[in-house]
Amino acid sequence: MPGDARPIGIFDSGVGGLTVYRALRARLPQESFVYLGDTARIPYGTRSPETVCAYARQDAAFLLACGVKLIVIACNTASSVALDLLQANSPVPVVGVIEPGARQAAAVTRCGHIGVIGTEATMASAAYPRAIRRIAPAVRVTSQSCPLFVPLVEEGWAQHPVTATVAAEYLTPLREAEVDTLVLGCTHYPVLEDVIRRVMGEGVTLVDSGACAAEEVVAVLEQNACFAPPGNLPAATRFCVTDASERFRRVATLCLGEEVTRLEKVRIEL
């Protein structure tokens, strides 16, 4: 059968999107990938919607110039404000992380009370409550912004005592509200899964929006008949950053459990 050997493009503001890349690589081992971390302009979560949309357009343009066949917005902030814009203007399919995570949360909640954590911009957009209620109108959603989580991950402090203190401060109100499902509404947050689980307790189901997006990508590739050819030998993943390449390499190695070898510093401003 013919196939499409072009790579899948992924962009995020930093290393958080590597959780999406990791899920995609495990699910689609025959595919090649280009990953863009816009580390010069992290975090996106404290920016205005207009600024995030401008950044997202530039990120997507860079990936399109790399010849990708599909773009994954591996950033909840950009997904919440720029997905429709990119989908309307992209010559290839664009997948975000909000809708897949919302569907999974609505499917697994037992008591109908879902918590969502994310950046300030994602929480201000109310994208997750709207998406969840479209699927399950009776569900109650409690949201909490956790702005310090992204810099803690980018610093490589997932196991630092400071991170446990910050997590307890952010998450205790959600635990006391007795949510039974918690959406990790930022792709950086799965890196903190252990500390989040300790605060929330084993009775709370954690939903990784990035992992859910990986299944969405599989469905879109199938729908568009653009899987890589059977037996395709994927190219080494091309990792691109806009700043601080050695810091990215160090934290990425922790996230992926292996050294990032093909790393480039690029310019994407238009």
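Quantities reported herein were computed from a predicted structural model and do not represent experimental measurements. Each chain has its residues counted from 1, running along the sequence as written. Local features in this predicted model are restricted to residues of pLDDT 70 or higher, and side-chain atom pairs are both shown and tallied only at a pLDDT of 80 or more, whereas totals for entire chains, interfaces and linings draw on every residue. With hydrogens and water stripped out, all remaining heavy atoms of the structure feed into the side-chain values.

**Student:** Can you break down the packing of helix α1 (residues 18-27) against helix α11 (residues 245-256) residue by residue, with the values?
**Tutor:** Where α1 contacts α11, the two axes come as close as 10 Å, and the packing angle between them is 45°. Comparing their axes, α11 and α1 come out oblique. Of the two possible hands of crossing, α1 and α11 adopt the one that is right-handed. Contact residues: Leu-18, Tyr-21 and Arg-22 in α1; Phe-248, Ala-252, Cys-255 and Leu-256 in α11. Residues of the contact of α1 with α11, tallied by class, amount to six nonpolar, no polar and one charged. Note on geometry: axes are lines fitted to C-alpha atoms, helical ones only across the stretch in contact, with angles between N-to-C directions running from 0 to 180 degrees. Per the convention used, a helix needs a DSSP run of H or I reaching at least four residues, while a strand needs a run of E reaching at least two, with both numbered from the N terminus. For classification purposes, angles smaller than 35 degrees are called roughly parallel, those larger than 145 roughly antiparallel, those between 65 and 115 roughly perpendicular, and all remaining angles oblique. The handedness criterion is simple: a crossing whose near helix is rotated anticlockwise from the far helix by less than a right angle is left-handed, and one whose near helix is rotated clockwise is right-handed. Throughout, a residue-residue contact means that at least one pair of heavy atoms, one from each residue, lies within 4.5 Å. All residues other than Ala, Val, Leu, Ile, Met, Phe, Trp, Tyr, Cys, Pro, Asp, Glu, Lys and Arg, Gly among them, are scored as polar; the first ten of these are nonpolar and the last four charged.

**Student:** Which residues make up the UniProt feature "binding site: substrate" (unreviewed entry) in the protein chain, and what values do they have?
**Tutor:** UniProt positions are given in the numbering used here, feature names are shortened, and annotations may be inferred rather than shown by experiment. Taken from the UniProt record, the annotation "binding site: substrate" (unreviewed entry) applies to Asp-12, Ser-13, Tyr-44, Gly-45, Asn-76, Thr-77, Thr-187 and His-188. These annotated residues cover 177 residues of sequence, but their C-alpha atoms sit close together, with the largest distance between any two at 12.1 Å. One can find Thr-77 in helix α3 (residues 76-89). Among the residues examined, Thr-77 registers a relative accessible area of 2% and is labelled buried. Among residues more than four places away in sequence, those in contact with Thr-77 are Tyr-44, Gly-45, Val-52, Thr-119, Ala-121 and Thr-122. Among the secondary structure elements, His-188 is positioned in the loop between β7 (181-184) and α9 (193-200). When residues no more than four places from it in sequence are discounted, the contact partners of His-188 are Asp-12, Ser-13, Gly-14, Val-15, Gly-16, Ile-42, Val-150, Val-153 and Glu-154. A distance of 2.6 Å separates the side chain of His-188 from the side chain of Glu-154, its partner in a polar contact. Burial classes follow relative accessibility: with a 1.4 Å probe on protein chains only, a residue under 20% of its type's maximum area counts as buried, one over 50% as exposed, and anything between as partly exposed. Throughout this description, a polar contact denotes any pair of N or O atoms lying within 3.5 Å of each other; where both atoms belong to protein, one of them has to be capable of donating a hydrogen while the other can accept it, and for residues adjacent in sequence the pair is counted only when both atoms sit in side chains.

**Student:** Residue-level account of the UniProt feature "active site" (unreviewed entry) in the protein chain, with values.
**Tutor:** Sites flagged by UniProt as "active site" (unreviewed entry) map to Cys-75 and Cys-186. The greatest C-alpha distance among the annotated residues, which extend across 112 residues, is 6.5 Å, indicating that they converge on a single site. When you line up the elements, Cys-75 lands in the loop between β3 (70-73) and α3. Beyond its immediate stretch of four places on either side in the chain, Cys-75 contacts Phe-11, Asp-12, Tyr-44, Val-97 and Thr-187. Among the structural elements, Cys-186 can be located in the loop between β7 and α9. Each residue touching Cys-186, except ones within four places of it in the same chain, is listed here: Asn-76, Ile-117, Thr-119 and Val-150.

**Student:** Let's hear about the packing of aromatic side chains: which residues, and what values?
**Tutor:** Side-chain rings of Phe, Tyr and Trp (the six-membered ring for Trp) are treated as a pair once their centres are within 6.5 Å; stacked means planes under 30 degrees apart, edge-to-face means over 60, and tilted covers the remaining angles. A full pass over the atoms with the stated rule returns seven aromatic pairs. When the centroid spacing of 5.1 Å and the interplanar angle of 85° are considered together, the rings of Phe-149 and Tyr-189 count as edge-to-face. Within this pair, whereas Phe-149 is found in helix α7 (residues 149-154), its partner Tyr-189 is found in the loop between β7 and α9, the two being separated by 40 residues in sequence. There is no split in this pair, since Phe-149 and Tyr-189 are both buried. Three or more aromatic residues joined by ring pairs make a cluster, and in this case those are Tyr-21, Phe-33, Tyr-35, Phe-239 and Phe-248. We call a charge positioned above a ring when the Lys NZ or Arg CZ atom is no farther than 6 Å from the ring centre and deviates by at most 35 degrees from the ring normal. Across the ring face of Tyr-55, the terminal group of Arg-41 is positioned such that the distance to the ring centre comes to 3.8 Å.

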